[in-house]
Every structure is written in structure tokens, then in C-alpha cells.
Amino acid sequence: QVQLVESGGGLVQAGGSLRLSCAASGRTFRSYAMGWFRQAPGKEREFVAAISWSGDSIKYSDSVKGRFTISRDNGKNTVYLQMNSLKPEDTAVYYCAVDRVYAYLLSRRSSVSWGQGTQVTVSS
């Protein structure tokens, strides 16, 4: 059974930074794609960033490109999301996600496993 535990969320002022972490357990995630999605109140869950198992393929949503950086440490089964220049519109619950297939992760197939989420609040 896959377990994903996010951490690093919190309250920050606009222009500030946060670093989210997601530790995976239950199996070896070395060959899994990992990513981040977010859901703001009253809105649908949206894609934020994803990274392939090797790190060779990385994708960002247009809204975070240039401000957020996704990375992974396969030795620790952990994926990170460094968030800089945060804006109030970045406020949301951030979810970690994994899938064996990078394309399935991007398209949110039913095979994707999800964490419980961590709240990020950016004040103006």
C-alpha cells in the first residue's frame, strides 16, 4: 500500500518562500513519476508540477513556471517543491501524487496515488 506524507505547508506573506516535501513509503518509488497538484476553495484540483523517475522530464503549470522548482531524492523516496515569490493566488491545499507512468500522473488517471495534502496560505 502506498503512503504519501506531505509537510512544509504554512502561512507566508506574499513574496515569501516555502518548501514542501513528500515522503513516500510502502514500495520503492525510484521508478515512479512524482508530482504536485493543488486545490483552492471552491475550485477543482489543478496540476502544479511533475518530475519523471529519472528527473529528465519536468513539467510546470504556466501559473508557477519560473517561481516553483520540483526536485526529487530517490534515495529518500522524497519529492520536493520549492516555492518562491509566492502570491495570494497560490493559496490552496497542495497534494503530492505518484504513478508508475509519467503521462498517467499528468492526466490524473485512476492509478495515481495521492497524499492527504498540506495547506499553503499566502497573505497579501
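Placed above this text is the structure.
Before going into details, it helps to say that this report is about the structure given with it.

Let's talk about the overall build of the chain
Now for step 1: Tallying secondary structure elements over the chain gives one helix and 11 strands in all.
Now for step 2: Scaling as 2.2 N^0.38, a compact globule of 124 residues should have a C-alpha radius of gyration of about 14 Å, and the chain matches this with 13 Å.
Now for step 3: The dimensions of the chain, computed from C-alpha atoms along their principal axes, are 40 × 30 × 25 Å.
Now for step 4: Carbon and sulfur atoms provide 45% of the accessible area of the chain, an area that totals close to 6,400 Å².

Some points on the sheet that holds strand E3 (residues 18–25)
Now for step 1: A sheet is described by the order of its strands in space; here four strands give the open sequence E1-E3-E8-E7, paired in antiparallel fashion. Each edge of the sheet is formed by a strand with only one pairing partner; in this case those strands are strand E1 (3–7) and strand E7 (68–73). Each strand of the sheet is rotated relative to its neighbour by a mean of 15 degrees, with strand direction disregarded.
Now for step 2: Note: E3 against strand E8 (residues 78–83), six bridges, orientation antiparallel. Bridging from a neighbouring strand, leucine 18 pairs with methionine 83 of E8.

Notes on the environment of leucine 20
Now for step 1: Relative to the assigned elements, leucine 20 resides in strand E3.
Now for step 2: As a C-alpha pair, leucine 20 and isoleucine 70 span 50 residues in sequence and 9.4 Å in three-dimensional space.
Now for step 3: Once you skip the residues sitting within four places of it in the chain, leucine 20 turns out to touch Ser7, Gly8, Gly9, Trp36, Val79, Tyr80, Leu81, Met83, Tyr94, Thr118 and Val120.

Describing the nonpolar core
Now for step 1: Judged by nonpolar contacts, the single largest core of 29 residues is most densely connected at Trp36, Leu81, Met83 and Tyr94.
Now for step 2: Mapped by element, the contributors of at least two residues to this core are E3, strand E4 (33–39), strand E5 (46–51), E7, E8, strand E9 (92–99) and strand E11 (118–123).
Now for step 3: Not counting chain neighbours up to four residues away, the residues in contact with leucine 81 comprise Leu18, Arg19, Leu20, Trp36, Val48, Ala49, Phe68, Thr69, Ile70 and Tyr94.
Now for step 4: Residues Ala33, Phe37, Ala50 and Val112 belong to the second largest nonpolar core, which totals seven residues.

Comments concerning the pairing of E9
Now for step 1: The buried fraction of E9 is high, at seven of eight residues.
Now for step 2: Both E4 and E9 contribute to a ladder of seven bridges, which runs antiparallel. Opposite glycine 35, over in E9, you have alanine 97 as the bridge partner.
Now for step 3: Note: E9 against strand E10 (residues 113–114), two bridges, orientation antiparallel. The partner of valine 98 across the bridge, within E10, is serine 113.

What to know about the layout of surface pockets
To find leftover empty space, a probe the size of one water molecule is rolled over the atoms.
Now for step 1: Computed from the structure, the largest pocket encloses a volume of approximately 170 Å³.
Now for step 2: Lining the largest pocket are 13 residues; nearest its centre among them are Arg38, Ala40, Lys43, Glu46 and Glu89.

Procedures and definitions
Residues numbered from 1 in each chain as written. Predicted model: local features only at pLDDT ≥ 70, side-chain atom pairs only at ≥ 80, totals over all residues. Heavy atoms only, no water. Helix = DSSP H or I, 4+ residues; strand = E, 2+ residues; numbered from the N terminus. Rg over C-alpha atoms; globule rule 2.2 N^0.38 Å. Areas by Shrake-Rupley, 256 points an atom, 1.4 Å probe, with all protein chains shown as cover. Pairing = 2+ DSSP bridges. Axes fitted to C-alpha atoms, helices over the stretch in contact; angles between N-to-C directions. Contact = heavy atoms within 4.5 Å. Core = buried A, V, L, I, M, F, W, Y, C linked by side-chain atoms within 4.5 Å. Buried < 20%, exposed > 50% of the residue type's maximum accessible area, 1.4 Å probe, protein only. 1 Å grid on protein atoms, 1.4 Å probe; cavity = no way out; pocket = protein on both sides within 12 Å on 5 of 7 lines; lining within 4 Å. Points joined across faces, edges and corners; volume = space filled by probe spheres on them.

Scope: geometric values only; no functional claims are made or implied.
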